[in-house]
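Chain and residue survey
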Protein chains: 2
Amino acid sequence: MTEMNSDKNIAIDFRELVSPFNAKMKAVNELIRERMASRHAPRIPEVTAHLVESGGKRLRPILTLAAAGLYDYEGDYDVYLAATVEFLHTATLLHDDVVDESEMRRGRATANLLWDNKSSVLVGDYLFSRSFKLMVETGSLRVLDILADASGTIAEGEVLQLTSARDLSTGEEHYLQIVRGKTATLFSAAAEVGGVVAEASEDDIAALREYGDALGIAFQIADDLLDYKGDIGDTGKKVGNDFRERKLTLPLIKSIAASNRTEHSFWQRCICKGEQREGDLEHALAILEKRNALVETRDDALRWAERAKDSLRGLPKHRIRDVLGGLADFAVMRVS
Amino acid sequence: MTEMNSDKNIAIDFRELVSPFNAKMKAVNELIRERMASRHAPRIPEVTAHLVESGGKRLRPILTLAAAGLYDYEGDYDVYLAATVEFLHTATLLHDDVVDESEMRRGRATANLLWDNKSSVLVGDYLFSRSFKLMVETGSLRVLDILADASGTIAEGEVLQLTSARDLSTGEEHYLQIVRGKTATLFSAAAEVGGVVAEASEDDIAALREYGDALGIAFQIADDLLDYKGDIGDTGKKVGNDFRERKLTLPLIKSIAASNRTEHSFWQRCICKGEQREGDLEHALAILEKRNALVETRDDALRWAERAKDSLRGLPKHRIRDVLGGLADFAVMRVS
């Protein structure tokens, strides 16, 4: 394995990688700005702009544009659907930050901190309805069905995460289910609807769906790993956030499964009881190292990225297929 | 005007009035129970059942069933759409209670108090997605469009209410806009989609939409009036809740518009500054009486109920049309 790449190089790689979609993404951003306006309630665009314009990578809309682009789709609905998935994602973030009581997102203060929880809840609802309106405009019942299912899975995953938090018996399967809810389902739906709108074959649509799923899982595992080894410049979060918030992500789950009695008591105190003291994070990191949990987590992320790339095999030989493969590499570049 | 009717009589009248829909409502309730289940997250049906089975009147689903029934609709989609609007309504209530920090709803502790705000936010999101899935199953893009617009207007109205709270310059027009957002829009959409699914004429669909709008406004004005003169048996809330929460509803808006300097200072202290003392509610009620605000508010409610009935004129002569007229009377019966 090579050393972790510097953040700067990654940023440049990513921008170059997705440059084929620059024109379309401009249209997506315009549509987002147009649709987040509200005649009556100026609070809505205020809150939304804070989040939408905070420099997220726009990965989900890119997946939609890329999937449609694979078939040289020439209509406008890919742009509509790309804006739709970004709205859905933004709505989820707003509600997430309320649920997590977060204070930082993408290196900036969260909306619930700047305004209040109420605004985050209601503006999130407004964005859900706007995304809903946009997808209706595409006139595709199949697209609507995919996104209705996706939004159900997302909400279910969030509730699951909430009710199973701080439970040391959380296994890898359970973790995967939560990750699908919080990340992979929308990645998967974003890619799938791009294929649907471009009238790809059923086999190709299934492949796009699987690609999105594996890519989303790779991303989320990498994110959860970075929480233990990343730096603030990269993720906008401090190292050890998940530990402090007592979240059972993959590195912890692997360590706990392999723990001896002393370690188990340590996890019980820090995660279940939430009694954390000076030096606990350092001790946790030492256990993760000893149990090889960070290496194994990285290997899992890499395996999911490979799986994403494997899903692309049957798709049309097109320069965009290479971009999709590149995105899978990008997902794990920060940890490989 | 007659004396206010006793709650018991009203309950009996209502049940009798809507008895033609008993069989269909049973199917709606079954569908709701079926669809609120979640394989993975048992918290979801727990929270939902608390609200769905707390004995609300199910007015919105009845409107959908009634509108479709006017045309002797024989399919099942009226049941789907009735469940859809009830899910939308329930989702809104869950989020509302978080935003309002309510502790009582329909005479019971609210979900945010029994579980937590997080569960209310996420289970609300889940119900949105379930309602969305149900409407997609009807296969009607027109229905989807109506409900997408409605859910946007609802969220917008809530944000508007949030950002204009405690502002003494709130006028009647502004109030009406908030009422449309929080109540009338869903009433209107519920009636409209019933007509659409039963393939009513465009004129009839427009009439159903107007009927629902006027009915919803009549209901909300009556509700806001009851907050100053109702009793706990009827609304499940204490008198003066809106005053204590410093909400500018129609009785206050009318009083403030007619206030002299002393009264204006009183409103400023109680509503803007929120400095409320023992005896303030009684004083507020005395001003409302003096300024004739309760009588005028009641007259407005009655006028909207008449308007609802007027909208029914061009609709088919059918026993269900009489039920719809009866619902308009029922809306204001509690205050007339």
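Before any of the text, the structure's been laid out above.
All of these numbers come straight from a predicted model, not from anything done at the bench.

Now for helix α10 (residues 202-229) of chain B. Think of an α-helix as turning once every 3.6 residues; residues three or four places apart then point the same way. Taking 1.5 Å per residue, 28 residues should reach 40 Å; α10(B) reaches 40 Å between its end C-alpha atoms and fits that length. Among the 28 residues of α10(B), 21 are classified as buried, and the element is accordingly described as predominantly covered.

What follows deals with the relation of the copies chain B and chain A. Mapping chain B onto chain A calls for a screw motion: a turn of 180° about the axis and a shift of 0.0 Å along it, with 0.0 Å RMSD after fitting. Classification of the inter-copy transformation places it as that of a two-fold axis.

This part takes up the interface of chain B and chain A. The interface is formed by 41 residues belonging to chain B together with 41 residues belonging to chain A. With both sides pooled, the region where chain B packs onto chain A buries about 3,800 Å², and carbon together with sulfur makes up 73% of that total. When residues of chain B are sorted by the area they lose upon contact with chain A, B:L122, B:F132 and B:E156 head the list and together hold 17% of the total. Counting every contact that joins chain B to chain A gives 4 salt bridges. B:K133 is paired through a salt bridge with A:D145; the nearest N and O atoms lie 2.8 Å apart. Linking chain B with chain A are 8 residue pairs in polar contact (both at pLDDT 80 or more), by the criterion used here. Broken down by secondary-structure element, the contributors of at least two residues to the side of chain B that touches chain A are α3 (43-52), α5 (77-100), α7 (117-137) and α8 (141-163) of chain B. Broken down by element, the side of chain B that touches chain A gets its largest block of residues, 15 residues, from α8(B).

Time to look at α5(B). When the terminal C-alpha atoms of α5(B) are compared, their 34 Å separation across 24 residues agrees well with the 34 Å that a helix rising 1.5 Å per residue should span. With respect to burial, α5(B) is a largely interior element, 21 of its 24 residues being buried.

With that settled, the discussion passes to the packing of helix α13 (residues 250-257) of chain A against helix α14 (residues 261-272) of chain A. Residues and elements named next belong to chain A. Following both chains from N to C, one finds α13 and α14 inclined at 140°, their axes separated by 10 Å at the closest point. Crossing hand, α13 versus α14: left-handed. Across the interface between the two elements, L252, S255 and I256 from α13 touch H264, W267 and I271 from α14. Considered class by class, the residues forming the contact of α13 with α14 number 4 nonpolar, 2 polar and no charged.

In this section: empty space enclosed by the protein. The probe, sized like a water molecule, is rolled over the atoms to show the empty space still left. Evaluation of the coordinates by the stated rule reveals 2 cavities of 30 Å³ or more. Within this model, the largest cavity holds a volume of roughly 380 Å³. Around the largest cavity, the lining is made up of 31 residues, and of these A:D125, A:F128, B:D125, B:F128 and B:S129 lie nearest the centre. Only α5 (77-100), α7 (117-137) and α8 (141-163) of chain A together with α5, α7 and α8 of chain B provide two or more residues apiece to the lining of the largest cavity.

This next bit is on the packing of aromatic side chains. Across all of its chains, the model carries 12 aromatic pairs over all chains by this definition. Taken together through their ring pairs, the aromatic side chains of A:F14, A:F187, A:F219 and A:F330 make up a single cluster.

About the cut-offs
- All residue numbers here refer to positions counted from 1 along the written sequence of the relevant chain.
- Whichever chain is written first is A, and whichever ligand is written first is 1; the rest continue in order.
- Where totals are concerned, whole chains, interfaces and linings use all residues; where local detail is concerned, this predicted model gives features only for residues with pLDDT of at least 70, and gives and counts side-chain atom pairs only at 80 or more.
- The side-chain figures draw on all heavy atoms in the structure; neither hydrogens nor water molecules are used.
- Going along the chain from the N terminus, every DSSP run of H or I of four or more residues is numbered as a helix, and every run of E of two or more is numbered as a strand.
- By definition here, a helix of n residues has an expected span of 1.5 Å times n minus one.
- Here the term buried applies to any residue with accessible area under 20% of the maximum for its type, exposed to any over 50%, and partly exposed to those in between, with areas from a 1.4 Å probe on protein chains only.
- The atoms used to superpose the copies are C-alpha atoms, taken from residues with pLDDT of at least 70 in both, and the fit is least squares.
- By definition in these notes, contact holds between two residues if any of their heavy atoms fall within 4.5 Å.
- Accessible area that two parts lose when put together, with a 1.4 Å probe and added across both, is what the buried area reports.
- Here a salt bridge means any side-chain nitrogen of Lys or Arg lying within 4 Å of a carboxyl oxygen belonging to Asp or Glu.
- The definition of a polar contact used here is a pair of N or O atoms within 3.5 Å, where within protein one atom must be able to donate a hydrogen and the other to accept one, and adjacent residues in sequence count solely through side-chain atom pairs.
- Axes, fitted as lines to C-alpha atoms, cover a helix only where it is in contact. Angles between the N-to-C directions of the axes lie from 0 to 180 degrees.
- Each helix crossing is assigned a hand: it is left-handed if the near helix lies turned anticlockwise from the far helix by less than a right angle, otherwise right-handed if that turn is clockwise.
- Residues are sorted three ways: Asp, Glu, Lys and Arg are charged, Ala, Val, Leu, Ile, Met, Phe, Trp, Tyr, Cys and Pro are nonpolar, and all the rest, Gly among them, are polar.
- Cavities and pockets were defined on a 1 Å grid built from protein atoms only: a cavity is a group of points that admits a 1.4 Å probe but offers it no way out, a pocket is an open group of points flanked by protein on both sides within 12 Å along at least five of seven lines, and a lining residue is one with an atom within 4 Å of any such point.
- Grid points are joined across faces, edges and corners, and a volume is the space filled by probe spheres set on the points.
- Aromatic pairing here means that ring centres of Phe, Tyr or Trp (its six-membered ring) are within 6.5 Å. Orientation follows from the plane angle: under 30 degrees is stacked, over 60 is edge-to-face, and everything else is tilted.

These values are about where atoms sit, not about what they do.
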